[in-house]
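The residues making up each chain are set out below.
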Amino acid sequence: VYEGTIRFGIATDTYDASGRVTAEAPTAALTVEAIDAALPRFVGTFEQQLPAYSARKVQGVKFYELARRGEEVPEASKEVTVFELTRTGELVDGRIAFRLACSSGTYARAIAHDLGAALGCGAHLASLRRISIGPFTVADALGIEELARRRTAQEPLGAAWIPLGEIPLPFAGTVVDAAQERRAQNGQTVLAKGLEVDEGDWVKMANR
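What comes next is a walk through the structure. (Residues numbered from 1 in each chain as written. Predicted model: local features only at pLDDT ≥ 70, side-chain atom pairs only at ≥ 80, totals over all residues. Heavy atoms only, no water.)

**Describing the overall build of the chain**
Consideration 1: Along its length, the chain carries 5 helices and 13 strands.
Consideration 2: By the compact-globule yardstick of 17 Å for 208 residues, the chain is too spread out, its C-alpha radius of gyration being 22 Å.
Consideration 3: Across the 208 residues that make up the chain, the buried fraction comes to 29%.
Consideration 4: Expressed as a percentage of contacts within the chain between residues at least 6 apart in sequence, the contacts between residues at least 24 apart total 62%.
Consideration 5: Of note, the chain has its 23 positive side-chain charges centred 5 Å away from the centre of its 27 negative side-chain charges. (Helix = DSSP H or I, 4+ residues; strand = E, 2+ residues; numbered from the N terminus. Rg over C-alpha atoms; globule rule 2.2 N^0.38 Å. Buried < 20%, exposed > 50% of the residue type's maximum accessible area, 1.4 Å probe, protein only. Contact = heavy atoms within 4.5 Å. Lys, Arg positive; Asp, Glu negative; His and termini not counted. Charge placed at Lys NZ, Arg CZ, Asp CG, Glu CD.)

Structural data, given as structure tokens:
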């Protein structure tokens with residue numbers, strides 16, 4: 001889940017504020033009603049066109065490396081799911097605040113770019129902050145100063161502290177013996193049974 005800001009009237013090559021401006025258009029006629037009417041187009045499961053400045057690879061080269069060199073970037077898309085896309089603020093100086101809940105791998109800046117294109121004025125992602133992922137939320141987090149204060153006062157950390165063994169990692173898991181544990185610590189191949197994974201996949205290992 002994310003919170004962020006979309007800036008209308010300016011499109012960039014990276015689809016966010018770090019990029020080079022590729023088009024500008026007036027936003028005086030843009031209304032919140034038009035924005036609200038367009039947002040539902042980007043909710044649901046659909047094929048999202050990937051930005052040229054993305055980490056997708058072609059023949060081992062990342063798209064953004066091609067884009068930075070001025071070379072042609074192939075078109076590519078991926079299936080994503082947007083569960084929620086809502087406006088959370090008024091339109092001020094061509095900007096709106098929004099909330100986005102989506103599947104992993106969804107490009108929020110591509111949604112901002114495509115929304116601007118749908119409204120005919122262009123847009124880019126001006127800011128973005130992830131506020132939750134899975135069971136982890138910013139609301140449960142502690143800042144460094146508060147963390148230091150609680151440790152000094154020997155106060156509990158509450159929901160901000162989760163033991164490593166209780167973190168629900170989205171990886172296949174296996175139990176290894178001491179010999180395989182040493183191999184893993186030394187960067188060697190580990191022999192594990194009953195795992196349906198490919199080479200290079202992430203795996204959660206626990207010792208006996």
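There is more to say after this.
**Some remarks on the packing of aromatic side chains**
Consideration 1: Applying the stated criterion across every chain yields a total of 1 aromatic pair.
Consideration 2: Here the aromatic rings of F171 and W202 are separated by 5.8 Å at their centres, their planes lie at 20°, and the arrangement is stacked. Remark: W202 occurs in the loop between α5 (178-185) and β13 (203-207) and F171 occurs in the loop between α4 (144-152) and β12 (172-176); sequence separation between them is 31 residues. (Phe/Tyr/Trp six-rings, centres within 6.5 Å; stacked < 30°, edge-to-face > 60°.)

**Digging into helix α3 (residues 108-119)**
An α-helix turns once every 3.6 residues. As a result, residues three or four positions apart point the same way.
Consideration 1: Taking 1.5 Å of rise per residue, the 12 residues of α3 would be expected to cover 16 Å, and the 17 Å separating its terminal C-alpha atoms lies within 8% of that figure.
Consideration 2: Listed in full, the buried residues belonging to α3 are A108, R109, A110, I111, A112, H113, L115 and G116.
Consideration 3: Just downstream of α3 lies G120, where phi reads positive at about 80°. (Expected span 1.5 Å × (residues − 1).)

**Points about the sheet that holds strand β1 (residues 2-8)**
Consideration 1: Sheet architecture is open: 5 strands sit in the order β4-β7-β8-β1-β9, paired in antiparallel fashion. Of all strands in the sheet, those with a lone pairing partner are β4 (44-49) and β9 (123-130), marking the two edges. The mean inter-strand angle of the sheet, taken between neighbouring strand axes irrespective of direction, is 45°.
Consideration 2: Relative to β9, β1 is paired through 7 bridges, and the arrangement is antiparallel. Its bridge partner being in β9, I6 is matched across the sheet by L125.
Consideration 3: Running at roughly 150° to β9, α3 makes contact with β1, β4, β7 (77-87), β8 (95-102) and β9 of the sheet. (Pairing = 2+ DSSP bridges. Axes fitted to C-alpha atoms, helices over the stretch in contact; angles between N-to-C directions.)

**Considerations on the nonpolar core**
Consideration 1: Judged by nonpolar contacts, the single largest core of 21 residues is most densely connected at I6, F8, L85, L100 and L115.
Consideration 2: Every residue in contact with I6, bar those within four places of it in the chain, is listed here: G94, R95, I96, F98, A112, L115, A123, H124 and A126.
Consideration 3: Of all hydrophobic cores here, the second largest spans 10 residues; its members include Y53, A67, A76 and A110. (Core = buried A, V, L, I, M, F, W, Y, C linked by side-chain atoms within 4.5 Å.)

**Considerations on the pairing of β8**
Consideration 1: Both β1 and β8 contribute to a ladder of 6 bridges, which runs antiparallel. Across the sheet, residue R7 finds its bridge partner in β8, namely R95.
Consideration 2: Sheet analysis places β7 next to β8, joined by 5 bridges and oriented antiparallel. Bridge pairing links R87 to F98 in β8.

**As for α5**
Consideration 1: Structurally, the start of α5 carries an N-cap: the backbone nitrogen of A179 is 3.2 Å from a side-chain oxygen of D177.
Consideration 2: A positive phi of about 75° marks G187, the residue just after α5. (Polar contact = N/O pair within 3.5 Å; in protein donor to acceptor, adjacent residues only side chain to side chain.)

**Observations regarding a nonpolar patch on the surface**
Consideration 1: Together, I133, F136 and I162 make up a nonpolar patch on the protein surface, roughly 230 Å² of accessible area in all.
Consideration 2: Of note, F136 is situated in strand β11 (residues 136-137).
Consideration 3: Among the residues examined, F136 registers a relative accessible area of 32% and is labelled partly exposed. (Patch = residues over 30% accessible without salt bridge, like charges linked within 9 Å, V, L, I, M, F, W, Y side chains within 5 Å. Areas by Shrake-Rupley, 256 points an atom, 1.4 Å probe, with all protein chains shown as cover. Salt bridge = Lys/Arg side-chain N within 4 Å of Asp/Glu carboxyl O.)

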